[in-house]
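Breakdown of the fold
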Amino acid sequence: MTRVCVCCETDALRSKLAERLTCAGFDCTAEPDAGTALLYIPHLSRADWADDLLRFAREQEAGIVVLTKREEVPAVEQKLQGSGAAVFGCDVSPAMLEGALLAAAKAGERLHGLHRELDLLREKMENERIVSRAKVILVERRDMTESEAHRYIEKAAMDGRVSRRKIALQILGEAESSPQANHPPRPQRPDPHGSISK
């Protein structure tokens, strides 16, 4: 059953719409979640209604359907441009509204899935960044090659049955607590004036 959250500043209109949608087979809820269609009736006299709607839809990962006065449809569409919201006049047919709500619920599900994938990619990138920083420490302070540093982290993670991130964080923590430990001296280079400088 498709879940729909009806958002409207007028309780009577909200109740009426929820009743009609329930009769049409929708599950009307006050608390949207991923995969919920958001049916929104804006109070156009409020200047920030579009920002509030987009923020709410983003937080709830909901597909958006907006009902407004027929003459306001172009202005509302312009305000919501790029959001994927479907905007209809209040005289929309029940069949078209129901189809739009089904599509919005599917869009909300897909949006939720994409956000989860994006979170996983961000986490993976952050882990790789931490591991790379730890490899640099091993190369600079323990005189390892990049491949030796990579094998060292991999083996320590397997032996300890922990993530590479955890081993990398330990290496970084040790490096911070003893910044000069095991750090080879910088090679001397000749000074153009004849003396040796570091």
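Our subject in this report is the structure included herewith.

So, how was this worked out
Residues numbered from 1 in each chain as written. Predicted model: local features only at pLDDT ≥ 70, side-chain atom pairs only at ≥ 80, totals over all residues. Heavy atoms only, no water. Helix = DSSP H or I, 4+ residues; strand = E, 2+ residues; numbered from the N terminus. Buried < 20%, exposed > 50% of the residue type's maximum accessible area, 1.4 Å probe, protein only. Contact = heavy atoms within 4.5 Å. Areas by Shrake-Rupley, 256 points an atom, 1.4 Å probe, with all protein chains shown as cover. Pairing = 2+ DSSP bridges. Axes fitted to C-alpha atoms, helices over the stretch in contact; angles between N-to-C directions. Parallel < 35°, antiparallel > 145°, perpendicular 65-115°, else oblique. Left-handed = near helix turned anticlockwise from the far one by under 90°. Nonpolar A, V, L, I, M, F, W, Y, C, P; charged D, E, K, R; others polar. Expected span 1.5 Å × (residues − 1). Arc of directions from axis to C-beta.

1. Let's talk about the overall build of the chain
Looking only at helices and strands, one finds six helices and seven strands in the chain. Its helices and strands taken in sequence order, the chain reads β-α-β-β-α-β-α-β-α-α-α-β-β from the N to the C terminus. Residues classed as buried in the chain amount to 31% of the 198 residues present. Long-range contacts, defined as pairs at least 24 residues apart, comprise 60% of the intrachain contacts of the chain with a sequence gap of at least 6. For the chain, the exposed surface amounts to about 13000 Å²; the carbon and sulfur share of it is 53%.

2. Observations concerning the sheet that holds strand β5 (residues 86-89)
Read from one edge to the other, the open sheet built from five strands follows the order β2-β1-β3-β4-β5, with strand pairing classed as parallel. At either end of the open sheet lies a strand with only one pairing partner, and these are β2 (27-28) and β5. In this sheet, strand β3 (residues 37-41) lies alongside strand β1 (residues 3-8) in parallel orientation, the contact comprising five bridges. Paired with Val6 across the bridge in β3 is Leu39.

3. Focus on the environment of Ala100
Its location among the elements puts Ala100 in helix α4 (residues 94-141). The sequence separation of Ala100 and Gly63 amounts to 37 residues, and the corresponding C-alpha distance is 9.5 Å.

4. Things to note about unusual backbone geometry
At Asp143, a residue that is not glycine, the phi angle is positive and equals roughly 55°. The topology assignment puts Asp143 in the loop between α4 and α5 (146-160). For Asp143, a relative accessible area of 67% corresponds to the exposed category. Phi is positive for Arg161, which is not a glycine, with a value near 50°. The exposed category is assigned to Arg161, whose relative accessible area is 79%.

5. Focus on the packing of α4 against α5
Two numbers describe how α4 lies on α5: the axes approach to 9 Å, and their chain directions differ by 120°. When the axes of α4 and α5 are compared, the pair comes out oblique. Remark: the crossing between α4 and α5 carries right-handed chirality. Counting all contacts with α4, which are made through Val131, Ala134, Lys135, Leu138 and Val139, the residues of α5 involved are Glu146, Ala149, His150, Tyr152 and Ile153. Among the residues forming the contact of α4 with α5, the class breakdown is seven nonpolar, one polar and two charged.

6. Description of the pairing of β5
For strand β4 (residues 63-68) and β5, the ladder comprises four bridges, and the chain directions are parallel. Across the sheet, Leu67 pairs through a bridge with Phe88, a residue of β5.

7. Digging into helix α6 (residues 164-177)
Relative to the 20 Å expected for 14 residues at 1.5 Å per residue, α6 spans 20 Å between its end C-alpha atoms, a close match to the ideal helical length. For α6, the complete set of buried residues consists of Ile167, Ala168, Ile171, Leu172 and Ala175. The arc that holds the buried residues of α6, viewed along the axis, is 135°, so those residues lie on one side. Exposed positions of α6 whose direction lies more than 90 degrees from the buried face are Glu176 and Ser177. In this structure, the buried residues of α6 make contact with α4 and α5.

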